[in-house]
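Notes for the structure review
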Amino acid sequence: MSYEYLALLAAACWAVGSLMSATASTHLGAFAFTRLRMLSASLMLWLIALVMGSWQTLTADSLWLLAVSGIIGIFIGDTALFAAMNRLGPRRAGVLFATHSLFSALLAYLFLGETLWGWTLIGSSLLISGVMTAILFGKRKSEEHAWESGNQQIKRGIALALLSALCQSVSTLMLKPLMETDIDAVAASAVRMSTAFVLHFALLMLGFSVARARSPATPKVLALTIGNAALSMVLGMTLILQALKHGNAGLVAILSSVSPILVLPLLWLVYRKSPAIGAWLGAAMTVAGTVLILSH
């Protein structure tokens, strides 16, 4: 499978996983939910790496780079995104986080010498614009989240959302040269995930109140969390690393950013509510941009 389709498949995994996360995240709290799914993902990844023997592709030199990438992208990036959502709401934070594809394209050009030209550049611009349009104008007023109504701590929320986007870009792009070696994507994901989990667990051990679970986990919550970990963190993140082995890092980031668009039909199926006009417009732009990229 080509790297373009690997990136799109990763976005699909994240879209499905996001539907599974809402109930569990609300029940446990954002930090406890993230910690539990990181633990689940780490165990699954290491089990796969041990059974397949792919852990042997890890080298001493690669371990520190994978660990730093996990700290930047998963620990700092995810934490900053949750903090931004608390201040801005999921819609506005989502728009700002979508800029990670722009950061990735710019950083890939500056540090990896990757360029996007012609129809691919036009398609990428359409795709990114479509994602942002769908997030920004994809909700009716009656569906506005309670977090959206306030204007408190806007500047800090914007800074946190942009920090999260930048961390996502940096953590992915710094692995591009490493992933072009013989290192296995599953083993690499295991190291990144385990590093982030250890730091999240340290927050709990150090007594940070935000790290504690709001309510004890129920069997349903555990099942949803493990399912989310398997789809979003085990399969999704591993697919992205595999895509980086063979493809343009900036383009991988751009294509994988279509996840909010893929959520729309899933939400329609689950809640039986047609998306708003803005969501349809953004989806059309995103599909057109994706077609241009894949055909050129």
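Now for a description of the structure that goes with this document. (Residues numbered from 1 in each chain as written. Predicted model: local features only at pLDDT ≥ 70, side-chain atom pairs only at ≥ 80, totals over all residues. Heavy atoms only, no water.)

Turning our eyes to something else, we now look at the overall build of the protein chain. Counting its regular elements, the protein chain contains 13 helices and zero strands. Put simply, the protein chain runs from its N terminus to its C terminus through helices and strands in the order α-α-α-α-α-α-α-α-α-α-α-α-α. Computed over its C-alpha atoms, the radius of gyration of the protein chain comes to 18 Å, within 12% of the 19 Å expected for a compact globule of 296 residues. Taking the principal axes of the C-alpha coordinates as reference, the protein chain spans close to 50 × 50 × 35 Å. Buried residues in the protein chain amount to 51% of all 296 residues. In the form shown here, the protein chain has an accessible surface area of approximately 14,000 Å², with 70% of it arising from carbon and sulfur atoms. Looking at charge distribution, the protein chain has the averaged site of its 18 positive side-chain charges lying 16 Å from that of its 10 negative ones. (Helix = DSSP H or I, 4+ residues; strand = E, 2+ residues; numbered from the N terminus. Rg over C-alpha atoms; globule rule 2.2 N^0.38 Å. Buried < 20%, exposed > 50% of the residue type's maximum accessible area, 1.4 Å probe, protein only. Areas by Shrake-Rupley, 256 points an atom, 1.4 Å probe, with all protein chains shown as cover. Lys, Arg positive; Asp, Glu negative; His and termini not counted. Charge placed at Lys NZ, Arg CZ, Asp CG, Glu CD.)

Further remarks concern the nonpolar core. The biggest cluster of nonpolar side chains holds 65 residues, and the ones touching the most others in it are Leu66, Met179 and Met193. Residue contributions to this core peak at 10 residues, all from helix H9 (residues 185–205). The residues touching Leu66, leaving out its near neighbours within four places in the chain, are Leu58, Leu175, Leu178, Ile183, Ala188, Val191 and Arg192. Ala80, Ala84, Leu160 and Ala161 belong to the second-largest nonpolar core, a separate cluster that totals eight residues. (Core = buried A, V, L, I, M, F, W, Y, C linked by side-chain atoms within 4.5 Å. Contact = heavy atoms within 4.5 Å.)

Before going further, it helps to spend a moment on the side chain of Ser164. Examined against the element boundaries, Ser164 turns out to sit in helix H7 (residues 154–173). The exposure class of Ser164 is buried, given its relative accessible area of 1%. Among the polar contacts made by the side chain of Ser164, one reaches the main-chain carbonyl oxygen of Gly77 at a distance of 2.8 Å. Excluding its chain neighbours within four sequence positions, the residues that come into contact with Ser164 are Gly77, Ala80, Leu81 and Phe97. (Polar contact = N/O pair within 3.5 Å; in protein donor to acceptor, adjacent residues only side chain to side chain.)

Let us now look at the pattern of salt bridges. All chains considered together, the criterion is met by two salt bridges. For Arg37, the salt bridge is made with Asp78, and the minimal N-O distance between the two is 3.9 Å. With Arg37 in helix H2 (residues 30–52) and Asp78 in helix H3 (residues 60–88), this pair connects stretches of sequence that are 41 residues apart. Note on Arg37: relative accessible area 12%, which makes it buried. Residue classification places Asp78 among the buried residues on the basis of a relative accessible area of 15%. (Salt bridge = Lys/Arg side-chain N within 4 Å of Asp/Glu carboxyl O.)

Moving on, we get to helix H10 (residues 219–246). Helix length check: H10, at 28 residues, gives a terminal C-alpha distance of 40 Å against a target of 40 Å (1.5 Å per residue), a fit within 8%. At Ala229, H10 is deflected by roughly 30 degrees, the largest bend along its length. (Expected span 1.5 Å × (residues − 1). Bend = angle between axes of the 7 residues up to and from the residue.)

Before going further, it helps to spend a moment on the packing of aromatic side chains. Taken as a whole, this structure holds two aromatic pairs when the rule is applied. Their ring planes at 80 degrees and their centres at 5.4 Å tell us that Trp268 and Trp280 sit as a pair that is edge-to-face. Remark: Trp280 occurs in helix H13 (residues 277–295) and Trp268 occurs in helix H12 (residues 259–271); sequence separation between them is 12 residues. (Phe/Tyr/Trp six-rings, centres within 6.5 Å; stacked < 30°, edge-to-face > 60°.)

With respect to the helices and strands, His100 occurs in helix H5 (residues 100–112). Looking at His100, the relative accessible area reads 7%, which means it is buried. Here His100 is in contact with Ala165, Gln168, Ser169, Ala253 and Ser257, once residues within four sequence places are set aside.

This part takes up a nonpolar patch on the surface. On the surface, a cluster of nonpolar side chains totalling about 540 Å² of accessible area is made up of Leu106, Tyr109, Leu110, Phe111 and Leu112. Position of Leu106 among the secondary structure elements: in helix H5. (Patch = residues over 30% accessible without salt bridge, like charges linked within 9 Å, V, L, I, M, F, W, Y side chains within 5 Å.)

Following both chains from N to C, one finds H9 and H10 inclined at 120 degrees, their axes separated by 9 Å at the closest point. Here H9 lies oblique to H10, going by the angle between them. Note that H9 runs across H10; the crossing there is right-handed. Residues Ala185, Val186, Ala188, Ser189, Arg192 and Met193 of H9 form the contact with H10, whose own contacting residues are Met233, Met237, Thr238, Leu241, Gln242 and Lys245. When its residues are assigned to classes, the contact of H9 with H10 shows seven nonpolar, three polar and two charged. (Axes fitted to C-alpha atoms, helices over the stretch in contact; angles between N-to-C directions. Parallel < 35°, antiparallel > 145°, perpendicular 65-115°, else oblique. Left-handed = near helix turned anticlockwise from the far one by under 90°. Nonpolar A, V, L, I, M, F, W, Y, C, P; charged D, E, K, R; others polar.)

Turning our eyes to something else, we now look at the environment of Asn228. Examined against the element boundaries, Asn228 turns out to sit in helix H10. Once residues within four sequence positions are removed from consideration, Asn228 is found in contact with Gly17, Ser18, Met20, Ser21, Phe33, Arg37 and Met233.

With that out of the way, let us pick up the side chain of Ser124. Tracing the chain through its elements places Ser124 in helix H6 (residues 118–137). The buried category is assigned to Ser124, whose relative accessible area is 2%. In this structure Ser124 touches Leu116, Leu251, Ile254 and Ile293, once residues within four positions along its chain are discounted.

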